[in-house]
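If you want the building blocks of each chain, they are given just below.
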Amino acid sequence: MVRLLANPLVWRGTLVLFMAGCAFVFAIFLIRRLRRNLAAEADLDSATPHTLEALPVHLYNTVIQQLKQQKHELQVQTLTEQRRARVTENFSQTVLSNLPSGVLVFALNGLVKQANPAAKEILGFRSLSGMSAEDIFRDAAVCSPKSTVRSDGPADLPVRLVEEVHAVLREGSKRRQLEADYTTPAGEKLHIAVTVSAVPAVDGSLLGAACLISDRSEFEHIRRQQQLHGEISAEMALELRTSLSTIAGYAQQLARNRDPDLTPQLAADIAGEAASLDRRIGGFLAAKRTVDAGTRANTAARIT
């Protein structure tokens, strides 16, 4: 035994055998550890595909749903705004179409951009779109106010209505209330009231000018009749005073008269003057009734 242990070949064989055993044990340990790692990775691989695939699909569907919802909200908002705009436009058109006063809207170039039916009826045109202020108002002159007299020309030369419209378009003044004698293309003479106003934009810039037109021919006719009636009344009062003075003079002569032949003449003069006075008063009252009846008829026709 001692000889065997002392033999180098035995020692070498034993050492090789020991190292082979250690290597075998280490290999078994590595194989088991590798198997555990492979099993863990297999479990991870089996669970990972489901999670990694399900998560992007879920996110994709969520994003798609949000986009669809936002698109639907935008469509609803757009339709609401369009409906509101149509309602506002229809309301404005309805109001303009039913206004008894004429409305003209001039652009900055001086051409009519919009006109309602009342403006066409008052001014006597079938269509006003695209017409200029010169074509519409022509030589219509502003009347009454002293401020409408030219400062650079003769004192008795009035300002034309066209110049007032251009002044608003040029200067952007807020409002000008005017009256003018206007003649339609058919030759009908009218007295119109015109309010010329600037049309500003949201930022304060000028978009154009708007003219509000009213036919005041009947009121002007009534005013002139009343003025004439006042003049006639003043003249009538003077005539009455003169007739009464004449009658009073005849009466005084009759009271002082001692001549029987002159008495019938004075009485006849008094009777004649009284009859003349009665006729003048009767004519005045009849004319007044005619004027009052015409005024009531024009007012009733205006109301209806």
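What counts as what
Residues numbered from 1 in each chain as written. Predicted model: local features only at pLDDT ≥ 70, side-chain atom pairs only at ≥ 80, totals over all residues. Heavy atoms only, no water. Helix = DSSP H or I, 4+ residues; strand = E, 2+ residues; numbered from the N terminus. Buried < 20%, exposed > 50% of the residue type's maximum accessible area, 1.4 Å probe, protein only. Contact = heavy atoms within 4.5 Å. Areas by Shrake-Rupley, 256 points an atom, 1.4 Å probe, with all protein chains shown as cover. Salt bridge = Lys/Arg side-chain N within 4 Å of Asp/Glu carboxyl O. pLDDT = per-residue confidence, 0-100. Core = buried A, V, L, I, M, F, W, Y, C linked by side-chain atoms within 4.5 Å. Polar contact = N/O pair within 3.5 Å; in protein donor to acceptor, adjacent residues only side chain to side chain. Patch = residues over 30% accessible without salt bridge, like charges linked within 9 Å, V, L, I, M, F, W, Y side chains within 5 Å. Lys, Arg positive; Asp, Glu negative; His and termini not counted. Charge placed at Lys NZ, Arg CZ, Asp CG, Glu CD. Pairing = 2+ DSSP bridges.

## As for the overall build of the protein chain
Okay, so step 1: Assigned secondary structure in the protein chain consists of seven helices and six strands.
Okay, so step 2: If you list the helices and strands of the protein chain from N to C, you get α-α-β-β-α-α-β-α-β-β-β-α-α.
Okay, so step 3: Taken over 304 residues, the protein chain has a buried fraction of 21%.
Okay, so step 4: For the protein chain, contacts bridging at least 24 residues in sequence account for 46% of all contacts bridging at least 6.
Okay, so step 5: Accessible area for the protein chain stands at about 21,800 Å²; split by element, carbon and sulfur atoms hold 60% of it.

## Side note on the pattern of salt bridges
Okay, so step 1: In total, this model carries five salt bridges according to the counting rule given.
Okay, so step 2: Across the pair Arg 160 and Asp 139 runs a salt bridge, and its minimum N-O distance is 3.5 Å. Of this pair, Arg 160 sits in the loop between strand 3 (141-142) and helix 5 (161-171) while Asp 139 is found in the loop between helix 4 (133-137) and strand 3, placing the two residues 21 residues apart along the sequence.
Okay, so step 3: Here Glu 164 and Arg 176 are joined by a salt bridge, their closest N and O atoms 2.7 Å apart. Highlighted residues: Glu 164 in helix 5 and Arg 176 in strand 4 (residues 175-183), separated in sequence by 12 residues.
Okay, so step 4: Where salt bridges share partners, they join Asp 139, Arg 160 and Glu 163 into one cluster.

## Examining the confidence of the model for the protein chain
Okay, so step 1: Per-residue confidence for the protein chain gives a mean pLDDT of 76, with 73% of residues at or over 70.
Okay, so step 2: Taken together, the stretch residues 48-52 has pLDDT below 50 and engages in two contacts with residues farther than four places along the chain or on a different chain.

## Section: the nonpolar core
Okay, so step 1: Ranked by size, the top nonpolar core spans 30 residues in total, and within it Leu 104, Phe 106, Ile 136 and Phe 137 carry the most contacts.
Okay, so step 2: Put simply, the parts of the chain that give this core at least two residues each are strand 1 (102-107), helix 3 (117-123), helix 4, helix 5, strand 4, strand 5 (189-200) and strand 6 (206-215).
Okay, so step 3: In contact with Ile 136, other than residues within four places in its own chain, are Leu 104, Phe 106, Val 112, Leu 123, Phe 125, Leu 128, Met 131 and Tyr 182.

## Focus: helix 5
Okay, so step 1: For helix 5, the set of buried residues is Leu 161, Val 162, Glu 164, Val 165, Ala 167, Val 168 and Leu 169.
Okay, so step 2: Looking at the buried residues of helix 5, the elements they touch are strand 1, helix 4, strand 3, strand 4, strand 5 and strand 6.

## As for the side chain of Glu 164
Okay, so step 1: Look at Glu 164 and you get buried, because its relative accessible area is 8%.
Okay, so step 2: There is a polar contact of 2.7 Å between the side chain of Glu 164 and the side chain of Arg 176.

## Focus on a positive patch on the surface
Okay, so step 1: Side chains of Arg 32, Arg 33, Arg 35 and Arg 36 sit close together on the surface and give a patch of like positive charge.
Okay, so step 2: Structurally, Arg 32 can be placed in helix 2 (residues 8-98).

## Let's talk about the pairing of strand 5
In regular strands, side chains alternate between the two faces of the sheet.
Okay, so step 1: Of all the 12 residues making up strand 5, nine are buried; the element is thus mostly covered by neighbouring parts of the structure.
Okay, so step 2: Between the antiparallel neighbours strand 4 and strand 5 lie five residues, among them Gly 187 with a positive phi of about 95°.
Okay, so step 3: Bridge count between strand 5 and strand 6: nine bridges; the pairing is antiparallel. Paired with Val 194 across the bridge in strand 6 is Ile 213.
Okay, so step 4: Between the end of strand 5 and the start of strand 6, which pair antiparallel, lie five residues, with Gly 204 showing a positive phi angle near 95°.

## As for the sheet that holds strand 2 (residues 112-115)
Okay, so step 1: As summarised here, the arrangement of the six strands in space is 2-1-6-5-4-3, forming an open sheet in which the pairing is antiparallel. Either end of the sheet is taken by a strand with one partner, and the two such strands are strand 2 and strand 3.
Okay, so step 2: Of the pairings in the sheet, the one linking strand 3 to strand 4 comprises two bridges and is antiparallel in character. Bridging from a neighbouring strand, Ala 141 pairs with Asp 181 of strand 4.

## Overview of the environment of Gly 249
Okay, so step 1: Within the fold, Gly 249 resides in helix 6 (residues 217-256).
Okay, so step 2: Judged by relative accessible area, Gly 249 falls into the partly exposed class, the value being 22%.
Okay, so step 3: Taking the C-alpha atoms as reference points, Gly 249 and Leu 266, 17 residues apart in sequence, are found 9.7 Å from one another.

## A word on unusual backbone geometry
Okay, so step 1: Backbone geometry at Arg 138 places phi at a positive 50°, although glycine is not the residue there.
Okay, so step 2: Structurally, the position occupied by Arg 138 is in the loop between helix 4 and strand 3.

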